[in-house]
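# Architecture at a glance
Here is what each chain is made of, one letter per residue.
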Amino acid sequence: MTDLTTRWLGLELASPLVIGACPLTDDLPVLQACVEVGAGAVVMRSLFEEQIVAEQMAAHKFIDSRISTDAEARSFFPESERFSIGSNTYLRRLDTLKKHLTVPVIASLNGITPGGWTGYATELEQAGADAIELNLYDLANDTNEDAAALEARQLAVVASVVEAVTIPVSVKLSPFYSALPAFVAGLDKVGARGVVMFNRFYQPDMDLETLTLTRDVVLSSCQELPVRLHALGLLFGRTKLDMAASGGVHQGDDAAKAILSGAHAVQLVSAVLMEGPAAVARIHKQLTQRLQDMGYDTLAQARGALSMTNAPNAHAWERLNYARLLQGWQPK
Ligand SMILES: Cc1cc2nc3c(=O)[nH]c(=O)nc-3n(C[C@H](O)[C@H](O)[C@H](O)COP(=O)(O)O)c2cc1C
């Protein structure tokens, strides 16, 4: 049977299947069941910078109001920057998961500005997180900030988190970078250990009856996988960062394709939200069988076999193929 053990961010995982960031963080029994049937690690849902800032504002307001009304209040309150505010629920949840799960638990932070809130990264480390996944979900909507400035800001966010902790930091990206390999090289320079490709972009839709925007989280399908495979295949052998696929993995073959493209780990969310732990069991079994049928003894042997560096017809990853494909298209 193919040995599925893998290394992700320096962590030894019994399986490349990782439960990705989502509300399952709050459901310990489901996570335990996922681990029992083959999940190698768990990523918690994100702690959002907006939440942290709102909590800080609320606490500062509270402290300020006490200080102005009570001359002695200063001595009752710790200095505001050392005052542990909010996110306690998150830290408590992390503690629970660490106590009850036998696999690494990765905390997730979503931030877009470098700075003070990185103190939370330290708290996550102290609470036992095995790694931090930094979710760079950032919508470019400022006409004065060009791509280079936005990317420099994002790299500064990553650098500030990497400096704040000693545990490994991975970065989850959106699929919309003009020059992904260069940005990933930048992540490497500032000390990230891994890259997760990609987040899904939740665009609002429209209700034409009520003339309003609608917000709905639509779960993925495997049609979202190829853009991930392309990024993995392109980067394999060109970055020393570990790589994880996130998005569109619903079958064992989807996971196999991600690994053959170069992934060390494969995150699952929609499949588990739809089907529960049975999805993990099914994908684990299918993946093992597929890699075994292909003659691989270990996952490491399979990794990157169909990447741009190794695929026998690697030009299929390239732009030239795009032109050929479009020009040669025939109706069926
Ligand atoms: C309900 C829901 C909540 C999510 N919450 C988070 C989150 O807090 N942080 C994050 O980085 N990604 C979050 N995601 C994105 C997933 O981690 C994942 O990247 C995405 O769903 C693509 O993977 P999938 O095709 O396996 O679903 C969420 C997804 C869903 C469906």
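In the block above lies the structure referred to throughout.
I will try to describe carefully the structure that is included in this document. This is a predicted model, so every value here is computed, not measured.

### Considering the overall build of the chain
What the chain contains, in helices and strands, is 13 helices and 12 strands. By residue count, 47% of the 332 residues in the chain fall in the buried class. Taking contacts inside the chain between residues at least 6 apart in sequence as the whole, the part at least 24 apart equals 71%. Element-wise, carbon and sulfur atoms account for 55% of the exposed surface of the chain, whose accessible area totals about 17000 Å².

### Examining helix H5 (residues 119-126)
Those residues of H5 not exposed but buried are Tyr 120, Ala 121, Leu 124 and Glu 125. Projected down its long axis, H5 shows its buried positions confined to an angular sector of 145°, all on one face. Positive backbone phi, at 105°, marks Gly 128, one or two positions downstream of H5.

### Quick look at the environment of Gly 119
As for its placement among the helices and strands, Gly 119 is situated in helix H5. The exposure class of Gly 119 is partly exposed, given its relative accessible area of 32%. Distance in space between the C-alpha atoms of Gly 119 and Ser 160 is 9.8 Å, their sequence separation being 41 residues.

Criteria and thresholds
- Residues numbered from 1 in each chain as written.
- Predicted model: local features only at pLDDT ≥ 70, side-chain atom pairs only at ≥ 80, totals over all residues.
- Heavy atoms only, no water.
- Helix = DSSP H or I, 4+ residues; strand = E, 2+ residues; numbered from the N terminus.
- Buried < 20%, exposed > 50% of the residue type's maximum accessible area, 1.4 Å probe, protein only.
- Contact = heavy atoms within 4.5 Å.
- Areas by Shrake-Rupley, 256 points an atom, 1.4 Å probe, with all protein chains shown as cover.
- Arc of directions from axis to C-beta.

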